[in-house]
Each structure stands twice: as C-alpha cells, then as structure tokens.
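Below, each chain spelled out in residue letters.
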Amino acid sequence: MVALVQTVAYLGLEARPVEVQCQIAPGLPRFSVVGLADKAVSESRERVQAALAAMGLALPPKRITINLSPADLPKDGSHYDLPIALALLAAMGVTDAEQLGEWIVVGELSLDGRIVASPGVLVAALHASAQQRGLICPAEQGSEARWASGITVLAARDLASLLGHLKGSHVLPEPRPGEIAEGKPHPCLRQVKGQDNAKRALEIAAAGGHNLLMIGPPGSGKSLLASCLPGILPELSPAEALEVSMVQSVAGMLEQGRINRARPFRAPHHSASMAALTGGGLKVKPGEVSLAHLGVLFLDELPEFQRPVLDSLRQPLEAGQVDVARANAHVTFPARVQLVAAMNPCRCGYAGDPARNCHRWPRCVEDYQARLSGPLLDRIDLHVHVASVSAADMALPAPSEGSAEVAARVAAARAVQNRRGVRANAELDGEALEQCAWPDDKGRELLMLAAQKLRLSARGYTRTLRVARTIADLDHAERVGRVHIAEALSYRQMVAQG
C-alpha cells in the first residue's frame, strides 16, 4: 500500500502541487526520502521520527520510502515535515489515508511533536482554495490561512491534537482571519522647513507613482522627505494588500496573519548585495525590490551602492517583476515599485552650496555622478535639487500644510487615474497614454522642441508625458497643456550643481 498526502512546493509566489507518497515494504530497516529534496527536507526524517516517538509511536522495522512527486521539481524548506509524517502515519494505519486526500498539508515539526510555523502558508492556502481542498497548517498561522476564501482550515498546535481531530475524538477550533494591522506612523510634511520645490516633486511622485531622485548637500532633508512619502500615498486596496501579503508570507514576514493596508516602505543599506536587492540566494527568496512591491523602495546615498547592484534594478523597474534564473529553477517575483533615491551632488557633498565650497569642482561632481549609469537615470522620472536649509529657515514656524492636505490631493488624482483603468499614471503606455496625455498644440510644440534640444530617449519622452498627465490631474485639467509639459521637462534633467 502507498499512502498519499498533498502538499506544495514554492516557486516565487506560485505554489506547485507535490504529492508525498509513503511506502512501507519488507526489508532491512531504512527510512529514505527521494524526489530532489534539499538538506532541510532530507533532515525531516529525524524530526518526524522524534515527533512520533514523543507520541509513543515507533517506526516499523521495515523499509520506509518517501517519494516527493514530481521527482524533477526541486523541494526545499521545512514545511514538508508534517505531510511526510501524516503520509507515514497513514501507511502505518494510524489514520485514514482516504481522508487525508481532501487536504493540502504544510508545517514543520519539532522534536516533541509540536507543529511550528513555516513560510508561505498564505500562498498554500490560496492554492488549496483553487484546488477546492482544505488546508492543514500550524496553529499560529491559521489566521494567515483564513485570508483565503472558501476553504476549511485545520490549524493544529501539535501532531497529537491533529490526529485526534482526524479521528473524531475532539474538534480543533476554527481559526479566525488575522487582523488588519495599523500602519507605522510616518513623519508629517509640516516637519520639513522650506523645500517647496522638493515638496512639489514629492507630491507629483506620489500622485502618479513616479520614480524620484533628490540631489542635495548633507542635512538638507532628503531622507526626511522620503520618509514622509508613505504618509501621503493612498492605502492598498484589498486585492493589493493580499498581493503584498503573499510576498511577505513567502519571505516569512507575515506576523500572526496580520495584513497591512499601508504601502511597503523599504530602505536597504547601500552595502546590500545584488541577491539582497533583487532576490536570490541558495534558497531563492524575494529581495528588497519585491518586498517593496506596490510600495516605495528608498535608496539613500545612491552612488554608494555597487554599480552592478544598481543596474540590476533596470529590468524590474521597467517590467514590474524580477526573474531569478538558477540552473534548477526559474523564479519570478513581483516588483512593481516606486523608486525614490537620494544622493549628494559630489563626494564631499557641497558642490553648489553657497555656504561651503567643493574644492575639487567640477572633477568631484563628474566622478561622483559617473557612478550612476545613464540607463538607470533615464528610468527616473523626476530629478529635483534639495537646497541646504539655513538656521534662519529652521527657526521659522511650521508650514500650515501637512501630509493630510497633500494626501487628499494625491487621493483625488489617483481616483481619476483609476477611472482610466490603471493604478497610477506611471503604468500608462501605448494607446492609453496617447489618448489621455497627448498635449494641446502649444504643449506639443514645446515637447517636440525639448525632445530635440535635450535629446530625450523614447523612454524619456514617454515618461515626460506621464509626469505631465499627473501634473494635469493635480490641476484638475482635462487636457495636458504647455504649463504641464514645461514643469514635467524641468524635472527631467539630472541636477549637477557647481
């Protein structure tokens, strides 16, 4: 007899079906796991044997073979412990093998028989819902699994209580869906003194989902402005929140099944590796660009990142996804992010500062800004100079307009864009862009002249139109005009102060 239990293998945000087959046959005592299993899966033999011993069960003195099918699909992770244990118990006759066919099973086992959390339960639950099966998972992740609609969830604390439920001796309580978590508080724009031009660029970036680069001397408020951005962005829709939570679930970051409606804000250090930023590693995990999906990726001290690491963002910024290729797997993670970056104008940071001089200008500016590739800068819609703030400016009273007022204008602009069928103007392309962003005669004349003078690439031309459409949305204008094109073009060139 071969006992069968269904589980999943994770490839990005995709759950591939895996069948755990257990056979107990006469022969010398042996417990083997086959089916392209990694080290963590192979070690499940010891955890399963110890968990059964904690329940007072011993393995039969026969040849036990566990096969993870399909055999050519790589299996990694500790979530195979529980399905292997249940398949073994079914083969031993301890539980009903046919009953287990109604469930998808995931979970790690401890040596004392407890079922502990493992990453990816939300993805497994959505797969179970699509397959019209129930889900067996750890108790602490039951609330996470309940976000998948239309499935029965068995969330057990240990193997003994799970077997008791399956046999009908007692009933496990139905887990409740996780709570909607409150977003972290962010600084208010009232804390930013002066910087009207930078605040305007930040509002445009928020309204249209555009990429933004802020250039200015140290201490001018670039990082503060970036940290204010999440406070003026609209909340995630329920579908978007579920999409973001799937990434967090695979990364093992979804705590107590809480789903957050606030947009992600990720700010990796400039020493981050390519795998940390775009995803990868021995066990492929989502990187910072995927963890910021539908949110903000903030790169402070942009030129200090390794150039190959920055250039690895070029494809995700254009395609909205990351493709991680390995010899034995090809994994895709979503990466629809809004890139916000900050940098000093030169190595010392004071080029163009009226109070302090850069002693190596212009060579210092040229060398420092040359660390950034042209194709990466071409993908950034808004380049804005953030001037230094004097002590007299800091002594002024706080501005009357804060994040709440700006957020209301951003939400109104996003509502207009949603009626066009896009989440934000940054996603407009092709015919849809021409229909809604094509300027009037004076605006078209200015755009054609600027495209020749500034030598705009096709991408730069398209992104200028998108920004102009966002500016028109903020002005409640039906048609993109010359003034909107002029302001969009003013943000197009990288600022090199001297």
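Here the structure is shown first, and the text comes after it.
Residues numbered from 1 in each chain as written. Predicted model: local features only at pLDDT ≥ 70, side-chain atom pairs only at ≥ 80, totals over all residues. Heavy atoms only, no water.

**Remarks on the packing of aromatic side chains**
Overall, the coordinates contain one aromatic pair when judged by the stated rule. Between the aromatic rings of Phe265 and Phe298, the centroid separation amounts to 6.1 Å while the plane-to-plane angle is 25°, which identifies the pairing as stacked. One end of the pair, Phe265, is in strand E13 (residues 265-266); the other, Phe298, is in strand E14 (residues 296-299), and 33 residues separate them in sequence. The exposure class assigned to Phe265 is partly exposed, which follows from its relative accessible area of 27%. (Phe/Tyr/Trp six-rings, centres within 6.5 Å; stacked < 30°, edge-to-face > 60°. Helix = DSSP H or I, 4+ residues; strand = E, 2+ residues; numbered from the N terminus. Buried < 20%, exposed > 50% of the residue type's maximum accessible area, 1.4 Å probe, protein only.)

**Quick word on the pairing of strand E11 (residues 212-215)**
Going residue by residue along E11, you find Leu212 and Met214 tucked away on one face and Leu213 and Ile215 tucked away on the opposite face as well. Bridging between E11 and strand E17 (residues 338-343) involves four bridges; their strand directions are parallel. The residue bridging Ile215 from the neighbouring strand is Met343, located in E17. Across four bridges, the pairing between E11 and strand E18 (residues 382-385) is parallel. Its bridge partner lying in E18, Leu212 is registered against Leu382. (Pairing = 2+ DSSP bridges.)

**Brief notes about unusual backbone geometry**
Across the junction of Ser69 and Pro70, the peptide omega takes the value 5°, indicating a cis bond. Topologically, Pro70 is positioned in the loop between strand E4 (63-69) and helix H3 (81-91). In the Ramachandran plot, Leu294 falls in the positive-phi region, its phi being about 65° despite a non-glycine side chain. As for its placement among the helices and strands, Leu294 is situated in the loop between helix H12 (288-291) and E14. Even without a glycine there, the phi angle at Arg455 is positive, about 55°. Its location among the elements puts Arg455 in the loop between helix H20 (441-453) and helix H21 (458-474).

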